[in-house]
Amino acid sequence: MTKELLKQVRVIDPVQKTDIVADVLIIDGYIQTIAQKITDFSADTSIRDCQGLVIGAGLVDLYSHCSEPGFEARENLNSFLQAAAAGGFTRVSVLPDTSPPIDQPALVMRLQQQRDREQPCPHLYIWGAITLDLAGKQLTEVADLAAAGVVGFTDAKPWENLGIVRRVLEYLQPFNKPVAFWPCDRHLAANGRMREGAEALRIGLAPIPVSAETTAMAALLELVADIGTPVHIMRVSTARSVKLIAQAKAQGVPITASTTWMHVLLDTTAISSYHTSLHLDPPLGNHQDMLCLRNALRTGIIDAIAIDHAPYTYEEKVQAFAESPPGAIGLELALPLLWQNLVETGEFTPLELWRVLSHQPAACLQQEIKAIQPGEKAELTLFDPQQTWNVNQANLQTLSYNTPWFGQEVTGRVVQIWSDHNLQ
């Protein structure tokens, strides 16, 4: 029997909308008692002084790139899960753009069986591909993928044919699983590498207009309103998109939406360093885009923050900014950096940040995270907002280091997670 007493820890619970300091007793993975002071415990209880530490529901990542199968030099399933655990995530969802892509039930079952051999680790959810081999023309056997246990369906890339999108919405409606789309018009984006604006002119990189996102967004919203299949909108990055989503939600269109942690944290001014880990797709927004995304998260227009962890090898990223593949790691960095830049500055309350990193991502996946109260399974993240550490190879669980914070000191680190291995 495992008994753990956390003394004077700050308990953040967006479900009950409480932020208190209390003692928490956990026995065999279940929350036994929460009280201002716990004095009734057995002699074999492990006691931890948690003054200054924060505990909340386990973090949930809506979508990230695992790279296995096909790109194990970037990341394998084991390193991906260990990185997620180190970052405070108790549930992670992987995208299907592997090689081969996750478009067959056998691959879903293989990844699930491989995950079941890993202890202790976050629970793994798998997005199934919508189109066969991610070619965008022929639908996968979605019924078989649904039966194999995929969490939902997405191709995680812009579409080219609205007729296919309409077919997908009609065909997937009976399965009652999340369907996620990334709105982007590749013809309008062309060979752009950063968001259109004054910074793009100053830095000298080819611009991507806001309309590359918003025209595709408007078309998708029209189709969802027409057909009625609930949809999750991925990678929202512009202020204009936020307005379109707000209007659609006000009209009752069944959508949820997410942005990524780096789009909330940074804007185009950061790209002046030409660090290739700032080459993202969609690109970082202008300052007003960033502020609008932050406000949309606080008000619920944007439901959740996704990590969109995208590992690449050193060789892949060490080239000119415009030639580098877009993407950056983030599972181990998101919570510390968001906390320091949003909570410590007073822009977000701890409850607001924790909600968009845990409860709301779970809701977008049609899942529930329980309140932190006696009798519930301990699916929790313990976080030290004042611990400093260096972002280097020795301190990271991920196999890749494509982040602009590599080699820097970061404040805030996850101390422990409690994860239900049998979570369904």
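Residues numbered from 1 in each chain as written. Predicted model: local features only at pLDDT ≥ 70, side-chain atom pairs only at ≥ 80, totals over all residues. Heavy atoms only, no water.

**A few points about the overall build of the protein chain**
Step number 1: A tally of helices and strands in the protein chain yields 13 helices and 17 strands.
Step number 2: Relative to the compact-globule value of 22 Å for 424 residues, the protein chain shows a C-alpha radius of gyration of 21 Å, a close match.
Step number 3: Principal axes of the C-alpha set define a box for the protein chain whose edges measure 65 × 50 × 45 Å.
Step number 4: Among the 424 residues that make up the protein chain, the fraction classed as buried is 58%.
Step number 5: Counting only contacts in the protein chain whose residues sit at least 6 apart along the sequence, the fraction spanning at least 24 positions is 74%.
Step number 6: Separation of charge centres in the protein chain, based on 31 positive and 46 negative side chains, amounts to 3 Å. (Helix = DSSP H or I, 4+ residues; strand = E, 2+ residues; numbered from the N terminus. Rg over C-alpha atoms; globule rule 2.2 N^0.38 Å. Buried < 20%, exposed > 50% of the residue type's maximum accessible area, 1.4 Å probe, protein only. Contact = heavy atoms within 4.5 Å. Lys, Arg positive; Asp, Glu negative; His and termini not counted. Charge placed at Lys NZ, Arg CZ, Asp CG, Glu CD.)

**Some words on the UniProt feature "domain: Amidohydrolase-related" (unreviewed entry) in the protein chain**
Step number 1: In the numbering used here, UniProt assigns the "domain: Amidohydrolase-related" (unreviewed entry) feature to residues 274-418.
Step number 2: In residues 274-418, helix accounts for 29% and strand for 17%; the two terminal C-alpha atoms are 39 Å from one another. (UniProt positions renumbered as here; feature names shortened; annotations may be inferred.)

**Some points on unusual backbone geometry**
Step number 1: For the bond from S99 to P100, the omega torsion is 5°, close enough to zero to count as cis.
Step number 2: Residue Y274 is not a glycine yet carries a positive backbone phi of 60°.

**A short note on the sheet that holds strand β8 (residues 123-128)**
Step number 1: Read from one edge of the open sheet, four strands run β6-β7-β8-β9, paired in parallel fashion. Looking at the sheet topology across the chains shown, the edges are occupied by β6 (59-64) and β9 (152-153).
Step number 2: Bridge analysis of strand β7 (residues 89-94) against β8 gives four bridges, and the strand direction is parallel. Paired with S93 across the two strands is Y125, which belongs to β8.
Step number 3: The strands touched by helix α13 (residues 350-364) are β6 and β7; relative to β6, the strand with the most contacts, the crossing angle is about 60°. (Pairing = 2+ DSSP bridges. Axes fitted to C-alpha atoms, helices over the stretch in contact; angles between N-to-C directions.)

**Structural notes on the sheet that holds strand β14 (residues 255-260)**
Step number 1: If you walk across this open sheet you meet the four strands as β10-β13-β14-β15, and the pairing is parallel. The open sheet is flanked by β10 (180-181) and β15 (304-306), the only strands paired with a single partner.
Step number 2: Bridge count between strand β13 (residues 231-233) and β14: three bridges; the pairing is parallel. Its bridge partner lying in β14, I233 is registered against A257.

**Comments concerning the environment of I245**
Step number 1: Considering the arrangement of structural elements, one finds I245 in helix α8 (residues 239-250).
Step number 2: Residues I245 and D226 lie 19 residues apart in sequence; the distance between their C-alpha atoms is 15 Å.
Step number 3: Among residues more than four places away in sequence, those in contact with I245 are M217, L221, I233, V236, I255, A257, I301 and I302.

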